[in-house]
Amino acid sequence: MTTRRTRPAPRPPEGTPPRTELARQARAVLADAVRVAHWAAGAPGPAGSPPLAAHALERAATALELSPAQVRAGWDRARLAGLIELHGDTARPGWRLRAWDRDDSAVLRGWVALFDAWSLVHAAPGDIETGAVAEAVEAVPQVLSLLQLSAGAVPVPALLDLLGQRIAELQEERCEVPYGPGRPAGPGAPAAERPAPARSAELNALLLDWALEGLAAVGALTLGDGHATLTPLGNWAVWVKLEQICVAAQSPAGNIEQSAADMLLGCARLTPGPARDEYRAWLAARTVTSAVAELLAVARGQDALLRGLAFEALRVVGAPAEPEVRAVVADQSLRPYALLWLAEYEGSDPDDAQDVLSREEATWLWVDTAAAVADHGETGLLVRHLDSAVQGTVPALLDEVRAVGHPRTVQVLVALAAAHPDPALAKAMRRAAFQVHTGGV
């Protein structure tokens, strides 16, 4: 038996302030965003108009004693930090806004969401090609790592050299040539059509200036005369990202590179603690957007076991998954799972979360869970699953199961009939399965 070697997680940088102080700094960065979010949540516009349309912008500026530009910037930051949510034409306070004054973790998560979105907070110059901007965003983590390792001010020329090197590496990995002022030129293009080194250096300088200004705009660094320095918040955020990378390198079951479906199947036999560790490792190796989309795609599939496990993994994702989970509430097959996820996310005790489900939704979930047990579990577990039904008696359960319209109803009833030791109940289940199959009553 071999022992799996793991990489130790990085320690917080020396001199990192306590979380309470970091949260205080994050609250200061997002102070205007919080004020705008509170105003928008309490002041919906006329029907059919967005909460921050032109007329609302002027009203907010007057009420908050901010300029329209400050209100607009605060609004954008509030949405990026999860302080405000749009539901059609209505703005609602996000969970972070409700927890803002009492929960330092919610504050820091909101600021990290803003930090991750720095390229949206500070838009790139319009005359720079989209591909060049994307490469700069991908190269910025290297720049941030140098700033952290330096533990102080770093001259801009050193950052420019590193950015240029990283962009060149990215282009080499993709077999590309540097971007010029026009379209990328292929290796066989005439020399006159290839971008001159001076122009590439000029472009990199523009990209670096934009990136540093964007990171400064979200409070991650400060800019001096020819140098840049990470703020305590920025220093802490880079450490958090490094820690996530180390967690991803320590996947206990080795499923990091697997698809969501294969990863979830690999976790099916794990106890809850190790399964959560595996989910965290898998998630840390992906962007939140792609991971949530992949998990929900699996949840929409035919395998009920994977559906339940996908929502367990989404519980580990937490707040960043909330908009996507809320969006699938209208999907019948996902609605019970989504409602339970949202109830727990909003603070309900897991034992009480079932109360958010209607009788029909609870019955649908019972059938879906039974299908998962029938496909992947043991017969004894399937029989014990009868005790979890809200109906209390088998005849009442059978009546409601037949009416709920779950696509796996027949298979579940047949499997239960085959597994149940009571001949009378088994006969009733077979009769119910036949009625559902033939459309009878």
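Residues numbered from 1 in each chain as written. Predicted model: local features only at pLDDT ≥ 70, side-chain atom pairs only at ≥ 80, totals over all residues. Heavy atoms only, no water.

## Description of the overall build of the chain
The test is simple: Numbering of helices and strands runs from the N terminus, with a helix taken as a DSSP run of H or I at least four residues long and a strand as a DSSP run of E at least two residues long. Note on exposure labels: buried denotes an accessible area under 20% of the residue type's maximum, exposed denotes more than 50%, and partly exposed covers the range between, all computed with a 1.4 Å probe on protein chains only. We call two residues in contact whenever any of their non-hydrogen atoms come within 4.5 Å of each other. Calculation of accessible area relied on Shrake-Rupley with a 1.4 Å probe; when residues are assessed, cover is drawn exclusively from the protein chains displayed.
When its secondary structure is counted, the chain shows 22 helices and 5 strands. For the chain, with 441 residues in total, the buried portion stands at 43%. Considering only intrachain contacts with a sequence separation of at least 6, the fraction spanning at least 24 residues in the chain is 64%. Counting only carbon and sulfur atoms, one obtains 55% of the accessible surface of the chain, whose full area is about 22400 Å².

## What to know about helix α20 (residues 394-404)
Using the following cut-off: Think of the arc as the fan of directions from the helix axis to the C-beta atoms. We call two N or O atoms a polar contact when they sit within 3.5 Å, provided that within protein one can donate a hydrogen and the other can accept it, with sequence-adjacent residues counted only if both atoms are side-chain atoms.
Residues of α20 that are buried include every one of Val394, Leu397, Leu398, Val401 and Val404, and no others. Seen along its axis, α20 keeps its buried residues to an arc of 130 degrees; they face one direction. Away from its buried face, by an angle of more than 90 degrees, α20 presents the exposed residues Pro395 and Ala403. Looking at the buried side of α20, the elements it contacts are α18 (359-376), α21 (409-419) and α22 (423-438). For α20, the N-terminal cap is Thr393; the gap from its side-chain oxygen to the backbone nitrogen of Ala396 is 3.3 Å. The first or second residue beyond α20 is Gly405, which carries a positive phi of 80 degrees.

## Points about the layout of surface pockets
Formally: A pocket here means an open set of points on a 1 Å grid, computed over the protein atoms alone, that has protein on both sides within 12 Å along at least five of seven lines. A cavity is instead a set of points where a 1.4 Å probe fits but cannot get out; residues with an atom within 4 Å of a point line either one. Grid points are joined across faces, edges and corners, and a volume is the space filled by probe spheres set on the points. Throughout, the ten residues Ala, Val, Leu, Ile, Met, Phe, Trp, Tyr, Cys and Pro are labelled nonpolar, Asp, Glu, Lys and Arg are labelled charged, and all others, Gly among them, are labelled polar.
Taken as a whole, the second largest pocket holds about 960 Å³ of empty space. Around the second largest pocket, the lining is made up of 31 residues, and of these Leu305, Gly308, Leu309, Glu312 and Thr369 lie nearest the centre. The set of elements that each furnish at least two residues to the lining of the second largest pocket consists of α13 (272-284), α15 (304-317), α17 (335-345) and α18. Class assignment for the residues of the lining of the second largest pocket results in 19 nonpolar, 6 polar and 6 charged.

## What to know about unusual backbone geometry
Of note in the backbone geometry, Glu65 takes a positive phi value of approximately 55 degrees without being a glycine. Note on placement: Glu65 falls in the loop between α3 (54-64) and α4 (68-80). The exposure class assigned to Glu65 is exposed, which follows from its relative accessible area of 72%. The phi dihedral of Ala151 falls on the positive side, at around 55 degrees, and the residue is not glycine. Tracing the sequence through the fold places Ala151 in the loop between α8 (130-150) and β3 (154-155). For Ala151, a relative accessible area of 71% corresponds to the exposed category.

## Observations regarding the confidence of the model for the chain
What counts is decided by this rule: Scored from 0 to 100, pLDDT records how confident the predictor is in each individual residue.
Taken residue by residue, the chain gives an average pLDDT of 81. The fraction at 70 or more is 83%. Here residues 45-49 is a poorly scored stretch, pLDDT under 50, and it has 5 contacts once near neighbours within four places are set aside; other chains count.

## As for a negative patch on the surface
Filter applied, for reference: Here, patches come from residues exposed beyond 30% relative accessible area and free of salt bridges, joined within 9 Å for like charges and within 5 Å for nonpolar side chains (Val, Leu, Ile, Met, Phe, Trp, Tyr). Take a side-chain nitrogen of Lys or Arg and a carboxyl oxygen of Asp or Glu: if they are within 4 Å of each other, that pair is a salt bridge. Positive charge is attributed to Lys and Arg, negative charge to Asp and Glu, and no charge count is given to His or to the chain ends. Each charge is placed at NZ for Lys, CZ for Arg, CG for Asp and CD for Glu.
Residues Asp349, Asp351, Asp352 and Asp355 make up a contiguous surface patch of negative charge. Counting through the fold element by element, Asp349 comes out in the loop between α17 and α18.

## Observations regarding the side chain of Arg166
Position of Arg166 among the secondary structure elements: in helix α9 (residues 156-173). Arg166 sits in the buried class, given a relative accessible area of 18%. Those residues in contact with Arg166 that sit more than four places away from it in its chain are Ala139, Gln142 and Glu173.

## Looking at the pairing of strand β5 (residues 227-230)
Put simply, the rule reads: Whether two strands pair comes down to DSSP finding at least two bridges between them.
Burial along β5 is one-sided: the residues Ala228 and Leu230 are buried and none of His227 and Thr229 is. Here 2 bridges tie β3 to β5, and the two strands are oriented antiparallel to one another. Opposite Val154, over in β5, you have Ala228 as the bridge partner. Alignment of strand β4 (residues 221-223) against β5, held across 3 bridges, turns out to be antiparallel. What sits directly across from Thr222, in β5, is Thr229. What sits between β4 and β5 in their antiparallel hairpin is a turn of 3 residues, with Gly226 showing a positive phi close to 80 degrees.

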